[in-house]
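# Secondary and tertiary structure notes
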Amino acid sequence: VTGSVDRLFNVGFAAYNVNRPDYGFVTTENARLPIRFTFFANGEFAIRGGAAALMPGAYVFRQGTFSEYLVGLYYKYKVINPSKYTGYVKPLSVSFGAFARANDAAILKLLVDYHRYSIGYSFDANTSKLSTYIRSRGAHEIVLRFVIY
């Protein structure tokens, strides 16, 4: 689902492991992996005359009896807007975000988008009881993306 140039909105659904593969390794018992479902909704809302945007997002993950909820917001600054007619000038933007995983972590994100390429970094700071065991170190993640269209 999408809107005007000033507002974009997406909703989606995905299913993983739909053939329920057997993940038993040592035993001969039939250990089937449950199907994992993902639901999401996110948007992009132009601010500052279109030079920037707020990008909220909400995600739900379910697999068997396990559920995970993630909500957050990016602030996207458009460093270079694309050329409207020639396509010679490619878009460049930088986004900063903060997300929360329910009862588990606070997540800070940085994302740089250039044309069809993206590179990002995020840090998950654990807020659950697990932080005691991992000595509050959190987790670092790097994202590389290429959009095919």
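In this report, the structure presented in the accompanying data block is examined.

Thresholds, definitions, all that
Residues numbered from 1 in each chain as written. Predicted model: local features only at pLDDT ≥ 70, side-chain atom pairs only at ≥ 80, totals over all residues. Heavy atoms only, no water. Helix = DSSP H or I, 4+ residues; strand = E, 2+ residues; numbered from the N terminus. Pairing = 2+ DSSP bridges. Axes fitted to C-alpha atoms, helices over the stretch in contact; angles between N-to-C directions. Phe/Tyr/Trp six-rings, centres within 6.5 Å; stacked < 30°, edge-to-face > 60°. Buried < 20%, exposed > 50% of the residue type's maximum accessible area, 1.4 Å probe, protein only.

### Some words on the environment of Ala53
Inspection of the secondary structure puts Ala53 in strand β3 (residues 52-63). Taking the C-alpha atoms as reference points, Ala53 and Gly72, separated by 19 residues in sequence, lie 14 Å from one another.

### With respect to the sheet that holds strand β5 (residues 92-101)
If you walk across this open sheet you meet the eight strands as β1-β2-β3-β4-β5-β6-β7-β8, and the pairing is antiparallel. Because the sheet does not close on itself, it has two edges, and the strands there are β1 (7-16) and β8 (139-146). In this sheet, adjacent strand axes meet at a mean angle of 15 degrees when their direction is disregarded. Direction of pairing for strand β4 (residues 66-80) relative to β5: antiparallel, over a ladder of 10 bridges. Counterpart to Tyr77 in the pairing with β5 is Val94.

### Concerning the packing of aromatic side chains
Evaluated as defined, the whole model comprises five aromatic pairs. Aromatic pair Phe13 and Phe39: ring centres 5.2 Å apart, planes at 45 degrees, arrangement tilted. Of this pair, Phe13 sits in strand β1 while Phe39 sits in strand β2 (residues 36-47); the two residues are 26 residues apart in sequence, bridging distant segments of the chain. Given the relative accessible area of 51%, Phe13 is considered exposed. Taken together, a centroid distance of 5.4 Å and an interplanar angle of 70 degrees make the contact between Tyr74 and Phe99 edge-to-face. Of this pair, Tyr74 sits in strand β4 while Phe99 is found in strand β5, placing the two residues 25 residues apart along the sequence. Of the two residues examined, Tyr74 and Phe99, each falls in the buried class. One aromatic cluster is present, formed by Phe13, Phe37 and Phe39 through successive ring pairs.

Don't take any of this as a statement about function, it's just geometry.
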